[in-house]
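Observations on chain architecture
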Amino acid sequence: MSASGNELALRVTVPFRPAKTGLKSGPPSPAVMDDRTYAADAESGTDATVAGWVNEIRDLGGIAFLILRDASGKIQVKFEKDEMDENLVETGLGVHRESVVRVTGRVESEERAPTGVEVVPDSVEVVAEADPELPLDPSGKVDADLSTRLDNRTLDLRKGEVKAVFEVRAAVLRAVREQFRELGCTEINTPKIVATGTEGGTELFPVTYFGREAFMNQSPQLFKQLMVGSGLERVFEVGPIFRAEEHNTPRHLNEATSIDFESAFYDHTDAMDACETVVRAAYEGVAEHCQEELETLGYEDFSVPEADFPRLSYEEAIERVNATGELDEQLGWGDDLSTEAEHALGEAVGRHYFVTDWPSEVKPFYIKDHDDDPELSTGFDLMHPSLELVSGGQREHRYEHLIEGFEQQGLEPEAFEYYTKMFRYGMPPHAGWGLGAERLVMTMLDLGNIREAVIFPRDRQRLSP
RNA sequence: GCCCGGGUGGUGUAGUGGCCCAUCAUACGACCCUGUCACGGUCGUGACGCGGGUUCAAAUCCCGCCUCGGGCGCCA
């Protein structure tokens, strides 16, 4: 569409799609519904136009109710058959569930109505008819498998308790952003199409970039580190990460959202402080802004985790796991914490906790070792009792040590020259971490499957919708 | 990637060799009902993932494929 004049002409000459049964008082309505009132805002004693989805029709014989649902809630429309226009009744009660309708009428106070008010319609217009056979039931009377729900996510999100998850997710991201701003961070966006991986090339999705080999980024790690040496010093990013691992679990995604933080002149303990602050801020934001959603989700006692998350060294963590006696075999120094070990430890600690001072050999090259013990790294993880949420640490900022680290892990420093080069021009000591947004939401709301925290999840099998 | 368990009307399920031309709920269609709020009532339509095999007989047992979920590994 080129000239705005043409668009305007089109708008006035193309009539609004007429309702199926044609009943409508007055001229065709404009496509833009300026005069619309949300269900929750309908005040008794006023004339209003409400528009939304037909949640349900309850026909009791002489009287019938159409429950209309929009983003704000539900409102009841009353049809008294003997006292109303026959066509009006036929249109209003002949519509299928989940059709989009627009109802204009008088809003009246009525004690017997679910919300205390109901609409007595003057006109009903079917804006978009829904097929009578729905692939799932948005009114929630019958359950649907997660797979069915994800195939029909639009309808799934008409359910209050599903919608609530994503309102909570949005509140988490909002709170996190605000907290980062409090911490003096600048929000950045790093490339998602990259030439090399973060730690190697095995678990990346390859893409073709104008005939060259490229990959979807696995983490903003190296790019955010470069920014601590820039004029920005302290940065954060909320963005997608892509992992080509063929894992098949309720806690992994092939496309996830990473909340990343990195700051110049921070050591790993400063980074853990920031991490705890941000995670708690997310809970606070949800507690503050999502009372209704939490109620919908059945949380009566949602609480912000207490401050001062315990910090267990790797060595202490192993000792505590072994002390639980839950594992068949005792863990030894250098062993990774298995899922079983994480669960045993989570149960023993009973709250969020950090695991610090990991053996250097299990952490990637960019994590700095302790100055007084090269066998120990400054890497840390933040654990929810049931799941790992965060991985972080102080970074190796010394050029020679960094190059050495590459070689020790069998990586070719040349492929990462864009990164290593900048360490020759004044890279301050720095630290940071990455937090899985979906895992945060999942653990916060105790969701059984991480896919429930993503609108359109990407997993081993699922590529659409 | 390895291991385990599933796939039955639109949706969610019962049914482990004959009792099944398949149960129940919900949805859908028809009818009844003037205050429902998971409205109620009567009647009706509608399904065994695909292919092969075993058997007198298969939703049920076996094989292959497709597909879904869970456990593990790895990680956020």
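Residues numbered from 1 in each chain as written. Chains lettered and ligands numbered in written order. Predicted model: local features only at pLDDT ≥ 70, side-chain atom pairs only at ≥ 80, totals over all residues. Heavy atoms only, no water.

So, the overall build of chain A
Cut-off, in case you're wondering: Every helix listed is a DSSP run of H or I at least four residues long, and every strand listed is a run of E at least two residues long, numbered separately from the N terminus. Exposure is judged per residue with a 1.4 Å probe applied to protein chains only, and the accessible area is read against the type maximum: over 50% gives exposed, under 20% gives buried, and values in between give partly exposed. Only four residue types enter the charge count, namely Lys and Arg as positive and Asp and Glu as negative; His and the chain termini do not. Charge coordinates come from a single atom per side chain, which is NZ of Lys, CZ of Arg, CG of Asp or CD of Glu.
When its secondary structure is counted, chain A shows 13 helices and 18 strands. Expressed as a percentage of its 465 residues, the buried residues of chain A come to 49%. Side chains of chain A carry 45 positive and 89 negative charges; the gap between the two charge centres is 6 Å.

A few points about the protein's contact with RNA strand B
Where we set the bar: Any residue with at least one heavy atom within 4 Å of a molecule or strand is counted as near it. Here a polar contact means two N or O atoms within 3.5 Å. Within protein one must be a hydrogen donor candidate and the other an acceptor candidate, and residues neighboring in sequence count only if both atoms are side-chain atoms. Three categories are distinguished: nonpolar for Ala, Val, Leu, Ile, Met, Phe, Trp, Tyr, Cys and Pro, charged for Asp, Glu, Lys and Arg, and polar for the others, with Gly belonging to the last.
Surrounding RNA strand B, one finds 53 residues, the nearest of these being E56, R58, D59, E246 and T339. Counting only the atoms of RNA strand B within 4 Å of the protein, the fraction contributed by sugar and phosphate is 59%. At 3.3 Å, a backbone N or O of I63 approaches a sugar or linking oxygen of RNA strand B. At a separation of 2.9 Å, a sugar or linking oxygen of RNA strand B approaches a polar backbone atom of D143. Of all the secondary structure elements, the ones that give two or more residues to the surface near RNA strand B are β1 (47–59), β2 (63–70), β3 (73–80), α3 (146–151), α10 (339–349) and β17 (387–394). Of the residues forming the surface near RNA strand B, the biggest block, four residues, is contributed by β17. Partitioning the surface near RNA strand B into residue classes produces 15 nonpolar, 15 polar and 23 charged.

Considerations on the nonpolar core
Nonpolar side chains tend to gather and get buried jointly when the protein is soluble and globular. In plain terms, the rule: We call a set of buried residues a nonpolar core when its members are Ala, Val, Leu, Ile, Met, Phe, Trp, Tyr or Cys and they connect through side-chain atoms within 4.5 Å of each other. Contacts: residue pairs with any heavy atoms within 4.5 Å of one another.
Counting 51 residues, the largest nonpolar core has V172, F180, I259, V286 and W433 as its most contacted members. Secondary structure elements with two or more residues in this core: α5 (160–182), β10 (234–242), β11 (255–264), α7 (268–289), β16 (380–384), β17, β18 (430–436) and α13 (437–445). Each residue touching V172, except ones within four places of it in the same chain, is listed here: A282, V286, L440, V441 and M444. With 24 residues, the next largest nonpolar core counts L68, I75, V77 and V126 among its residues.

Concerning a negative patch on the surface
Which entries qualify depends on this criterion: Residues with no salt bridge and a relative accessible area higher than 30% make up the patches, which join like charges within 9 Å and nonpolar side chains (Val, Leu, Ile, Met, Phe, Trp, Tyr) within 5 Å. Note on areas: Shrake-Rupley with a 1.4 Å probe; residue coverage comes only from the protein chains shown. Put simply, a salt bridge is a Lys or Arg side-chain nitrogen that is within 4 Å of an Asp or Glu carboxyl oxygen.
Among the surface-exposed residues, E400, E404, E407, E412, E414 and E417 lie close enough to one another that they form a single negatively charged patch. At three residues, the largest contribution of residues to the negative patch is made by helix α11 (residues 399–408). By the element assignment, E407 lies in helix α11.

A short note on the state of the cysteines
Stated precisely, the cut-off is as follows: Two cysteine sulfurs form a disulfide in these notes if their separation is within 2.5 Å.
According to the stated counting rule, one finds zero disulfides in the structure shown. Summary of cysteine pairing: C185 is not part of a disulfide, and the nearest cysteine sulfur, belonging to C275, is at 12 Å. A relative accessible area of 10% places C185 in the buried class. Given the relative accessible area of 0%, C275 is considered buried.

Things to note about the pattern of salt bridges
Counted by the stated rule, this structure contains 32 salt bridges. For R36, the salt bridge identified is with D70, shortest N-O distance 3.9 Å. You can see R36 sitting in the loop between α1 (4–13) and β1 and its partner D70 sitting in strand β2, a full 34 residues away along the chain. Since its relative accessible area comes to 30%, R36 is described here as partly exposed. Here K141 makes a salt bridge to E56, at a shortest N to O gap of 2.7 Å. In this pair, K141 sits in the loop between β5 (117–128) and α3 while E56 sits in strand β1, placing the two residues 85 residues apart along the sequence. What emerges from the salt-bridge pattern is a single network uniting R149, R153, D156 and K159.

Digging into the packing of aromatic side chains
The line we're drawing: Between 30 and 60 degrees the pair is tilted, below 30 it is stacked and above 60 it is edge-to-face, where a pair is any two Phe, Tyr or Trp rings, Trp via its six-membered ring, whose centres lie within 6.5 Å. To sit over a ring, a charge needs its Lys NZ or Arg CZ within 6 Å of the ring centre and within 35 degrees of the ring normal.
For the coordinates displayed, the defined rule picks out 19 aromatic pairs. Aromatic side chains Y299 and F302 sit 6.2 Å apart centroid to centroid with 90° between the ring planes, which places their arrangement in the edge-to-face category. Judged by its relative accessible area of 23%, Y299 is partly exposed. Taken together, a centroid distance of 5.4 Å and an interplanar angle of 80° make the contact between F365 and Y366 edge-to-face. The pair F365 / Y366 is uniform in exposure class, with both members buried. Three or more aromatic residues joined by ring pairs make a cluster, and in this case those are F365, Y366, F406, F416, Y419 and F423. Residue placement shows K363 over the ring face of W358; its charged tip is 4.9 Å from the ring centre.

Looking at the packing of α5 against α7
The cut-off we apply is this: For helices, the fitted axis covers only the stretch in contact; all axes are lines through C-alpha atoms, and the angles between them, taken along N-to-C directions, range from 0 to 180 degrees. Angle categories: roughly parallel below 35 degrees, roughly antiparallel above 145, roughly perpendicular from 65 to 115, and oblique for all the rest. Definitions for this section: a left-handed crossing has its near helix turned counterclockwise from the far helix by less than a right angle. A right-handed crossing has that turn clockwise.
At their nearest, the axes of α5 and α7 sit 8 Å apart, and the two run at 130° to each other. It follows that α5 is oblique to α7 by the angle criterion. Where α5 crosses over α7, the handedness of that crossing is right-handed. Of the residues in α7, those touching α5 at V168, A171, V172, R174, A175, V176, Q179 and F180 are T277, V278, A281, A282, G285, V286 and H289. Tallied by class, the residues present in the contact of α5 with α7 amount to ten nonpolar, four polar and one charged.

Structural notes on α11
What counts is decided by this rule: By definition, the arc is the one covered by directions from the helix axis to the C-beta atoms.
When α11 is considered as a whole, its buried residues turn out to be L402, I403, G405 and F406. With its buried residues spanning 155° around the axis, α11 presents them on a single face. Exposed side of α11, more than 90 degrees from the buried face: E400, E407 and Q408 are the residues found there. On its buried side, α11 packs onto α12 (417–420). Residue G410 follows α11 closely and has a positive phi angle near 75°.

Considerations on the pairing of β16
Quick reminder of the rule: Strand pairing is defined by DSSP finding a minimum of two bridges between the two strands.
The buried count for β16 comes to five of five residues, which makes it a mostly enclosed element. Taking every second residue as pointing to the same face, both faces of β16 are buried, with F380, L382 and H384 on one and D381 and M383 on the other. With three bridges joining them, strand β13 (residues 353–356) and β16 adopt antiparallel strand pairing. In the sheet register, V355 faces β16, and the bridge partner there is D381. As paired elements, β16 and β17 share five bridges and run antiparallel to each other. Residue pairing for β17: L382 is matched across the bridge by V390. Connecting the antiparallel pair β16 and β17 is a turn made up of two residues.

Take it as geometry only, folks, not as evidence of what the structure does.
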